[in-house]
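Observations on chain architecture
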Amino acid sequence: MGGHGYSGWWGRMGGPKHRGIVTYQLSPYEMKTNAHLISKGTHNFFRRTSSQLGYILPGIFLFWAVTHFGKKKHEWLNSKAGHAAQHEHEHEH
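Residues numbered from 1 in each chain as written. Predicted model: local features only at pLDDT ≥ 70, side-chain atom pairs only at ≥ 80, totals over all residues. Heavy atoms only, no water.

As recorded in an unreviewed UniProt entry, the chain goes by Cytochrome b-c1 complex subunit 8 and comes from Coemansia pectinata. As stated in UniProt under Sequence similarities (unreviewed entry), the record for the chain gives "Belongs to the UQCRQ/QCR8 family." (UniProt positions renumbered as here; feature names shortened; annotations may be inferred.)

As structure tokens, this is what we get:
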């Protein structure tokens, strides 16, 4: 079950050569990843975000409304008035 000895590092394993594999590489001097980041990047960010507001805002508002309602209900249920109302509701049934 043991190993058969050192077979080489990745890419130099001593096996048959691969054929038909083409790799491409771009020179780091050709890539300008941060070119115009400030001047065009902020404009694109706001343009793309503003076009998506119709999809984003309803979800944000729904999340806020449910959270706000839940917090208010929780505060009321833990108040003196909430305890009294629960106590009355339990004795009605």
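As a further point, take the overall build of the chain. Per the secondary structure count, the chain includes two helices and zero strands. Taking all 93 residues of the chain together, 2% fall into the buried category. A total accessible area of about 9,800 Å² is found for the chain, and carbon and sulfur atoms account for 62% of it. (Helix = DSSP H or I, 4+ residues; strand = E, 2+ residues; numbered from the N terminus. Buried < 20%, exposed > 50% of the residue type's maximum accessible area, 1.4 Å probe, protein only. Areas by Shrake-Rupley, 256 points an atom, 1.4 Å probe, with all protein chains shown as cover.)

With that settled, consider the packing of aromatic side chains. Enumeration according to the criterion identifies two aromatic pairs in this entry. Between Phe-45 and Phe-46 the ring centres are 5.2 Å apart and the planes differ by 75°, which places this aromatic pair in the edge-to-face class. (Phe/Tyr/Trp six-rings, centres within 6.5 Å; stacked < 30°, edge-to-face > 60°.)

A few words now on a nonpolar patch on the surface. A surface patch of nonpolar side chains, amounting to about 510 Å² of accessible area, comprises Leu-53, Tyr-55, Ile-56, Leu-57 and Ile-60. For Ile-56, the position within the fold is in helix α1 (residues 37-77). For Ile-56, a relative accessible area of 39% puts it in the partly exposed group. (Patch = residues over 30% accessible without salt bridge, like charges linked within 9 Å, V, L, I, M, F, W, Y side chains within 5 Å. Salt bridge = Lys/Arg side-chain N within 4 Å of Asp/Glu carboxyl O.)

Attention now moves to α1. With 41 residues, α1 ought to run about 60 Å at 1.5 Å a step, yet its terminal C-alpha atoms sit only 51 Å apart, falling short of that. Approximately 60° is the largest bend angle found in α1, and it occurs at Leu-53. (Expected span 1.5 Å × (residues − 1). Bend = angle between axes of the 7 residues up to and from the residue.)

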